[in-house]
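For reference, the chains in residue letters:
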Amino acid sequence: MPPAPPQSDAPGGSWSDWLTDRLLRGLIAGALLLPWTTRTRLMGWLVRRVVAPLAGWRARARANLAHVWPDMPEAERRRIADAAADNAGRTMIENYDIAGLKARAAAAPIGGEGLALLERAHAAGEPVLLVTGHFGNHEIPRAALVARGLQVGGLYRPMKNRYFNDHYAANMHALSGPVFEQGRRGTMGLVRHIREGGIGVLLFDLYAGRGAPVDFLGKPAPTLTSAAEIALKTGAHVIPFFGIRQPDGLHFEIAFEAPVPHGDPVKMTRDMTRRLEARVRADPGQWFWIHRRWKPERQAARQRKRAAASTAP
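Bear in mind that the values here come from a model prediction, so they are computed numbers and not experimental data.

Enquirer: Give me a nonpolar patch on the surface: which residues, what numbers.
Expert: A cluster of nonpolar residues, L42, W45, V50 and L54, forms a patch on the protein surface that exposes about 400 Å² of accessible area. Tracing the sequence through the fold places L54 in helix α2 (residues 36–55). Of the residues examined, L54 reaches a relative accessible area of 73% and is grouped as exposed.

Right, here's the structure in full:
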């Protein structure tokens, strides 16, 4: 049963959050009544043509593209921004059909140098940490492993809208467990799961103001080194993976890449980032340009603040 509407505009959830969640729940429920192909194309179109312009996602994506590729023609920025929104809509509805997701993932071609290592490590009970970014559909590889009988744990970042987060989190748990909410307690749970010989997943391509100085697509993008630190703490193999959407927009190819060697956490994080960069450069419309990945204004403000502090008497 969905949560009741709030009695006030309290921090736990506002009327606006509740109404937004009602609309999204209705949209998702209606879409799930349609065949996979129809609903996937429909949600891609709706997010590209309706949600992205209204929510400011299209403008943000184009601003991000201008930041990293200032010489790119405006028409190409529009094309990539629209493709990213379309991919986001498709990914959302795909991930709300757990049975369909597993079936689609199980049928996808799967390979790469890291796959054999993953299989050997799992058979031997060795810890594995899979790392990726918001590219293609990042849940497809996890679903493929689950369809093959493996349990894959992970962390998720809770949504600010607590009403939407209720069913978003439940859906994450429904695919495979254990799944932990991002935070100190959740990270400890994931570390314990991996250390005991489990498989975990982490996405690393989010802005972190206090993160390490890592460039992404040629621009500074502060990044947490949590994935590398967890791998070093648990002794886990670090295997980058990608669920690559195919040109028809409906099927996928799954790639498990060569492992990231253990070493300095920042160097490891840069290696992971280079793997993602290569995928984005090859097909930029599959990456989630909607994210505030660089926040150049905030970075500039912090640099000015540090400079002022260093020159103060």
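Moving on, there is more to tell.
Enquirer: Provide a residue-level description of the packing of helix α9 (residues 184–195) against helix α10 (residues 226–234), including the pertinent values.
Expert: Two quantities define a packed helix pair, namely the angle between the axes and the distance from one axis to the other. With their axes 10 Å apart at the nearest point, α9 and α10 run at an angle of 45° to one another. Considered as vectors, α9 and α10 are oriented oblique to each other. As α9 packs across α10, the resulting crossing turns out to be right-handed. Packed against α9, whose contacting residues are T187, V191, I194 and R195, the element α10 presents I230, K233 and T234 at the interface. For the contact of α9 with α10, the class distribution of residues is three nonpolar, two polar and two charged.

Enquirer: Run through the packing of helix α1 (residues 15–32) against α2, naming residues and quoting values.
Expert: Where α1 contacts α2, the two axes come as close as 9 Å, and the packing angle between them is 150°. Taken as axis vectors, α1 and α2 run roughly antiparallel relative to one another. The hand of the α1/α2 crossing is right-handed. Residue-level inspection shows L27, A31 and L32 of α1 in contact with α2, the latter providing R39, M43 and L46. A breakdown of the residues in the contact of α1 with α2 according to their chemical character gives five nonpolar, no polar and one charged.

Enquirer: Could you give me a rundown of the nonpolar core, with the residues and numbers involved?
Expert: L129, M272 and W289 are the most contacted members of the largest nonpolar core, which has 38 residues in total. Those elements that place two or more of their residues in this core are α3 (57–68), α4 (74–95), β2 (128–132), α9, α10, β8 (237–245) and α11 (265–282). Residues in contact with M272, not counting those within four places in the same chain, are V131, F204, A227, A228, V238 and V260. Judged by nonpolar contacts, the second largest core, of 24 residues, contains I140, V152, L175 and F252.

What counts as what
Residues numbered from 1 in each chain as written. Predicted model: local features only at pLDDT ≥ 70, side-chain atom pairs only at ≥ 80, totals over all residues. Heavy atoms only, no water. Patch = residues over 30% accessible without salt bridge, like charges linked within 9 Å, V, L, I, M, F, W, Y side chains within 5 Å. Areas by Shrake-Rupley, 256 points an atom, 1.4 Å probe, with all protein chains shown as cover. Salt bridge = Lys/Arg side-chain N within 4 Å of Asp/Glu carboxyl O. Helix = DSSP H or I, 4+ residues; strand = E, 2+ residues; numbered from the N terminus. Buried < 20%, exposed > 50% of the residue type's maximum accessible area, 1.4 Å probe, protein only. Axes fitted to C-alpha atoms, helices over the stretch in contact; angles between N-to-C directions. Parallel < 35°, antiparallel > 145°, perpendicular 65-115°, else oblique. Left-handed = near helix turned anticlockwise from the far one by under 90°. Contact = heavy atoms within 4.5 Å. Nonpolar A, V, L, I, M, F, W, Y, C, P; charged D, E, K, R; others polar. Core = buried A, V, L, I, M, F, W, Y, C linked by side-chain atoms within 4.5 Å.

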